[in-house]
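Structural characterization, general
Given next are the chains, with one letter for each unit.
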Amino acid sequence: MIEILDSDQLDRARDAGALVGRILQTLKVRARVGVNLLELDRWTKRMIEDAGATSCYVDYAPSFGRGPFGHHLCTAVNDAVLHGMPHDYALRDGDLLTLDLAVTLRGISADAAISFVVGTTAASADLAMIDATERALAAAIAVARPGARIGDLSQAIGAVLSAAGYPINLEFGGHGIGSTMHQDPHIANDGRAGRGYRLRPGLLLAIEPWVMADTDVLVTDADGWTLRSATGCRTAHTEHTIAITDAGAEVLTLAP
């Protein structure tokens, strides 16, 4: 399903996106050495409920997961990259942490992810990898406009990630979003320009470049959800929800 939102729905998408951006930035500040991942999840639950929103994750049960996710936030640490299930783990200095959050507010969903290093010890390789995903996201946003095609976004992402030297996995990528979290079209993190669905005003897209330092192979953790690098290498993941407008791309999940 591909949804095209009307002006009222776009206004609600802006509110949902602002909420996601605000929660993620609050969590980034709170994600200090010694903080438990389960505590981050509890804070997320409280902020979502206080805003009158609902989590897209608690009851989420796709074919690739093991039953309902059961948490409000994805927390991926070091070699984990996607669908990180919060568990009893206290953050350590130098951990590379990805927080991924999706909520629904007044019937419209927004989705975003940030990666950052906890504490004061940040390896240059980790910072470079985070930067590559952020630049890849910016490149995709720059070409997202009415008349462009999904392949244009995929090609822009892949060009940045490949130039930075990272293998690219095509199993998981960005997606359409609207009244539900995951919709068509799929946005692979590499592809050919000029291919795929043609973008239209009113379309919402969650664009999410992610990489693993030295492999494109994922393994599933024992929790049935968390996806890790097959080699145990570090990972990074950056995501924004954007709206396609007559003027181009509007990023909805920036922190206010």
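Residues numbered from 1 in each chain as written. Predicted model: local features only at pLDDT ≥ 70, side-chain atom pairs only at ≥ 80, totals over all residues. Heavy atoms only, no water.

Its place among the elements puts histidine 237 in strand β12 (residues 235-237). For histidine 237, a relative accessible area of 1% translates into the label buried. Only 2.9 Å separates the side chain of histidine 237 from the side chain of glutamate 208, close enough to count as a polar contact. (Helix = DSSP H or I, 4+ residues; strand = E, 2+ residues; numbered from the N terminus. Buried < 20%, exposed > 50% of the residue type's maximum accessible area, 1.4 Å probe, protein only. Polar contact = N/O pair within 3.5 Å; in protein donor to acceptor, adjacent residues only side chain to side chain.)

A few words on the nonpolar core. With 28 residues, the main nonpolar core has Leu27, Leu40, Leu91, Leu97, Leu99 and Leu101 as its most contacted residues. If you list the elements that add at least two residues to this core, you get α1 (7-30), α2 (37-50), β4 (96-105) and β5 (108-117). For this core, the element with the highest residue contribution is α1, accounting for 6 residues. Here leucine 91 is in contact with Ala31, Arg32, Val33, Gly34, Val35, Leu37, Leu40, Val77, Leu97 and Val118, once residues within four sequence places are set aside. (Core = buried A, V, L, I, M, F, W, Y, C linked by side-chain atoms within 4.5 Å. Contact = heavy atoms within 4.5 Å.)

Right, let's talk about the pairing of strand β8 (residues 204-207) for a bit. Both faces of β8 are covered, namely the face carrying Leu204 and Ala206 and the face carrying Leu205 and Ile207. As paired strands, strand β6 (residues 174-176) and β8 are joined by 2 bridges and run antiparallel to one another. Following the sheet pairing, glycine 176 is matched in β8 by leucine 205. Here β8 runs beside strand β13 (residues 240-245); their pairing, made up of 4 bridges, is antiparallel. The partner of isoleucine 207 across the bridge, within β13, is histidine 240. (Pairing = 2+ DSSP bridges.)

Right, let's talk about the side chain of asparagine 78 for a bit. Tracing the backbone shows asparagine 78 in the loop between β2 (74-77) and β3 (80-82). Among the residues examined, asparagine 78 registers a relative accessible area of 15% and is labelled buried. Polar side-chain contacts of asparagine 78 include one of 2.8 Å to the side chain of arginine 234. Apart from residues lying up to four places away in sequence, asparagine 78 is in contact with Gly94, Asp95, Leu96, Cys233, Arg234 and Thr235.

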